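The chain contents come next:
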Amino acid sequence: MGKPVQHTGRFKRLTHMLFKSKTGTIGFLIVIAVVFMSIFAGAIAPHDPAKTQAAKRLKPPMWMEGGSSVHPLGTDNLGRDVLSRIIYGSQVSLMVGICAVILAGTIGVILGLVSGYYGGWIDSIIMRTVDAFLAIPNILFMLVILAVLGPSLVTLILVLGFTNWVKYARIIRSEVLGVKERDYVKAARTVGASNQRIILTHILPNVISSFIVVSTLSVATTIIAEASLSFLGLGIQPPTVSWGGMLSDGRQYLATSWWVATFPGIAITITVLGIMFLGDWLRDILDPRMKARK
């Protein structure tokens, strides 16, 4: 009976700390709204995002002359509803962002744990590989791979995952180097605990907070990377809707039909800011060094 009460108490404390922070609250509400929008896109979107209507192409938002409440944010160059496409585009952005971060985080955490704990030649090989990845600009590396393999949703997730693991590896390694010298780890070695048990039981739980913070912030940067690649034509391909693809479609109409590209840009900005705000709050809560400064 003690555990549920303990968990309930922790949940209440976290909730209190969240809503005590203005940025944390704003970030949380934005993230929840975007997640809700992506899950229930089919019920929320007023129109089919892929339906073209030549007679309604480049209709302005409803508050402008010639606009209509039927298309609150206007239509694009093919007569597709901008609002519906933004709502459906959130599905791709979140899917790519979360899946790529999970892949990158899994690779980075494993290599960081191994590198920091075992050291020696294993550490040297992993860190020199990290240095090699850091020597090449990420966007250039991704462009080359996508140009060779061809753009698709799965390929994009894999490319973003395999090119972003290095930051997790370096951060986790640095955390492990400190944790493995603590008394409880030395005591575990003394009583004969295996390396695998020490890593999983004593080290991983003490470095996981850093992973949570970094992965939360990385979702935001991954969403931007996906939008950038889609904007360049090497990301999500039509007819799948993506915010980056909408930006690419609307760039030639900025002077005459600004809403085609502006509203997807606003959606990206708000989503990324929300995730960054939430990540900053998590860093303040989970990072003991930040707590010590307060």
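Everything in this summary refers to the structure shown in the same document.

Cut-offs used in this document
- Throughout, residues of each chain are indexed from 1 in the direction in which the sequence is written.
- Predicted model: local features are reported for residues with pLDDT of at least 70 only, side-chain atom pairs are reported and counted for 80 or more only, and whole-chain, interface and lining totals are derived from all residues.
- For the side-chain quantities, the full set of heavy atoms in the structure was used; hydrogens and water were omitted.
- Residues grouped as a nonpolar core are buried Ala, Val, Leu, Ile, Met, Phe, Trp, Tyr and Cys residues, joined through side-chain atoms within 4.5 Å.
- Burial status follows relative accessibility: with a 1.4 Å probe on protein chains alone, a residue under 20% of its type maximum counts as buried, one over 50% as exposed, and anything between as partly exposed.
- Helix and strand labels come from DSSP, where a helix needs a run of H or I of at least four residues and a strand needs a run of E of at least two; each type is numbered from the N terminus.
- Residue contacts follow a heavy-atom distance rule, with two residues in contact if any of their heavy atoms lie within 4.5 Å.
- Think of it this way: a Phe, Tyr or Trp ring, Trp meaning its six-membered ring, pairs with another when their centres are within 6.5 Å, and the plane angle makes it stacked under 30 degrees, edge-to-face over 60, tilted otherwise.
- For every element, the axis is a line fit to its C-alpha atoms; helices are fit only across the contacting stretch, and the angle between N-to-C directions ranges from 0 to 180 degrees.
- Each angle receives one of four descriptions, namely roughly parallel if under 35 degrees, roughly antiparallel if over 145, roughly perpendicular if within 65 to 115, and oblique otherwise.
- Ten residues, namely Ala, Val, Leu, Ile, Met, Phe, Trp, Tyr, Cys and Pro, are considered nonpolar, four, namely Asp, Glu, Lys and Arg, are considered charged, and the remaining ones, Gly among them, are considered polar.
- For salt bridges, the criterion is a side-chain nitrogen of Lys or Arg within 4 Å of an Asp or Glu carboxyl oxygen.
- How far a helix is expected to stretch is found by multiplying one less than its residue total by 1.5 Å.
- Patches here: salt-bridge-free residues with over 30% relative accessible area, like charges joined within 9 Å, nonpolar side chains (Val, Leu, Ile, Met, Phe, Trp, Tyr) joined within 5 Å.
- All accessibility values rest on the Shrake-Rupley procedure with a 1.4 Å probe; residue burial counts only the protein chains present in the view.

1. Examining the nonpolar core
- Formed by 29 residues in total, the largest nonpolar core has its most connected members in V82, I86, V130, W165, W243, M246 and F263.
- Secondary structure elements with two or more residues in this core: α4 (82–118), α5 (120–135), α8 (166–179), α10 (195–231), α11 (243–250) and α12 (259–286).
- Residue contributions to this core peak at seven residues, all from α12.
- The contacts of W165, once residues within four sequence positions are left out, are A104, I107, G108, L111, T129, V130 and F133.

2. Let's talk about the packing of aromatic side chains
- Within the structure shown, the criterion is met by eight aromatic pairs.
- Ring geometry for F133 versus W165: centroids 5.3 Å apart, planes at 70 degrees, classification edge-to-face. Highlighted residues: F133 in helix α5 and W165 in the loop between α7 (153–163) and α8, separated in sequence by 32 residues.
- Taking relative accessible area as the criterion, F133 reaches 22% and is therefore assigned partly exposed.
- Judged by relative accessible area, which is 6%, W165 ranks as buried.

3. Here's the deal with the packing of helix α2 (residues 22–39) against α4
- Relative orientation of the contacting elements α2 and α4 amounts to 105 degrees, with a least axis distance of 8 Å. Judged on the interaxial angle alone, α4 and α2 are roughly perpendicular. Contacts between α2 and α4 pair V34, V35, M37 and S38 from the former with I87, S90, Q91 and L94 from the latter.
- Within the contact of α2 with α4, the residues separate by chemical class into five nonpolar, three polar and no charged.

4. Regarding the pattern of salt bridges
- The full count for this structure, using the stated rule, is five salt bridges.
- A salt bridge links R173 to D123; its shortest N-O distance comes to 2.7 Å. Of the two residues, R173 is situated in helix α8 and D123 in helix α5; the sequence distance between them amounts to 50 residues.
- Looking at D123, the relative accessible area reads 13%, which means it is buried.
- If you follow the salt bridges from partner to partner, you end up with D76, R80, R85 and D249 in one network.

5. Here we look at α4
- Over its 37 residues, α4 extends 53 Å from the first C-alpha to the last, a length consistent with the 54 Å expected when each residue adds 1.5 Å.
- One or two steps after α4, the chain reaches G119, where phi turns positive at roughly 65 degrees.

6. Focus: a nonpolar patch on the surface
- On the surface, I136, I139, L140, V144, V148, L149 and L232 cluster together into a nonpolar patch covering about 650 Å² of accessible area.
- Considering the arrangement of structural elements, one finds V148 in helix α6 (residues 138–149).
- Among the residues examined, V148 registers a relative accessible area of 66% and is labelled exposed.

7. Regarding the environment of K56
- Relative to the assigned elements, K56 resides in the loop between α3 (41–44) and α4.
- Residue classification places K56 among the partly exposed residues on the basis of a relative accessible area of 30%.
- Note: C-alpha distance between K56 and L113 (57 residues apart in sequence) is 56 Å.
- Among all residues touching K56, those that are not within four sequence positions of it are V70, H71, T75 and G79.

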